[in-house]
Amino acid sequence: MPVIRADEARRSETPGGVMTTFASPTQGGAATALWRVDAKPDAAGPLHDFDTEQVWAFTAGKASIELGGENFEVTPGDTVVMPRSTPRRVTAGPEGYSAVVTAAAGATALLADGTVHGVPSWIA
């Protein structure tokens, strides 16, 4: 389906926030997944990795990015390219953040201990 209506967006809630999927293989048949992250204030994701590149464009709030052993502070308008096989953690500022993210559909997440987390629901 080439048009995915706003009311068809899929929401996935985690302890750290809400992911709203706009397109993915199971949502429009897209080969590239596109979703929005709305992180809760001060929420920190786990240290993890992906088997594909991700691109994050921050639209609101502030976040700290731990990426491949480096730390970056980001604000609205900043974009972060997260290479595959590079450990990362995103931590929200005191007001949270929103970002639009894209990655190859079906990407697999790996936790820091090597556990394969599988394909997150917002990329499937």
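Placed above this text is the structure.
Rules behind the numbers
- Residues numbered from 1 in each chain as written.
- Predicted model: local features only at pLDDT ≥ 70, side-chain atom pairs only at ≥ 80, totals over all residues.
- Heavy atoms only, no water.
- Helix = DSSP H or I, 4+ residues; strand = E, 2+ residues; numbered from the N terminus.
- Rg over C-alpha atoms; globule rule 2.2 N^0.38 Å.
- Buried < 20%, exposed > 50% of the residue type's maximum accessible area, 1.4 Å probe, protein only.
- Contact = heavy atoms within 4.5 Å.
- Lys, Arg positive; Asp, Glu negative; His and termini not counted.
- Charge placed at Lys NZ, Arg CZ, Asp CG, Glu CD.

### Describing the overall build of the chain
For step 1, the next point in the chain: Helix and strand content of the chain: zero helices and 10 strands.
For step 2, the next point in the chain: When the helices and strands of the chain are listed from N to C terminus, the series reads β-β-β-β-β-β-β-β-β-β.
For step 3, the next point in the chain: A compact globule built from 124 residues would reach a C-alpha radius of gyration of about 14 Å, and the chain, at 14 Å, matches this within 12%.
For step 4, the next point in the chain: Counting all 124 residues of the chain, 37% fall into the buried class.
For step 5, the next point in the chain: Intrachain contacts of the chain at a sequence separation of at least 6 include 60% that bridge at least 24 residues.
For step 6, the next point in the chain: A gap of 5 Å separates the mean positions of the 9 positive and 14 negative side-chain charges of the chain.

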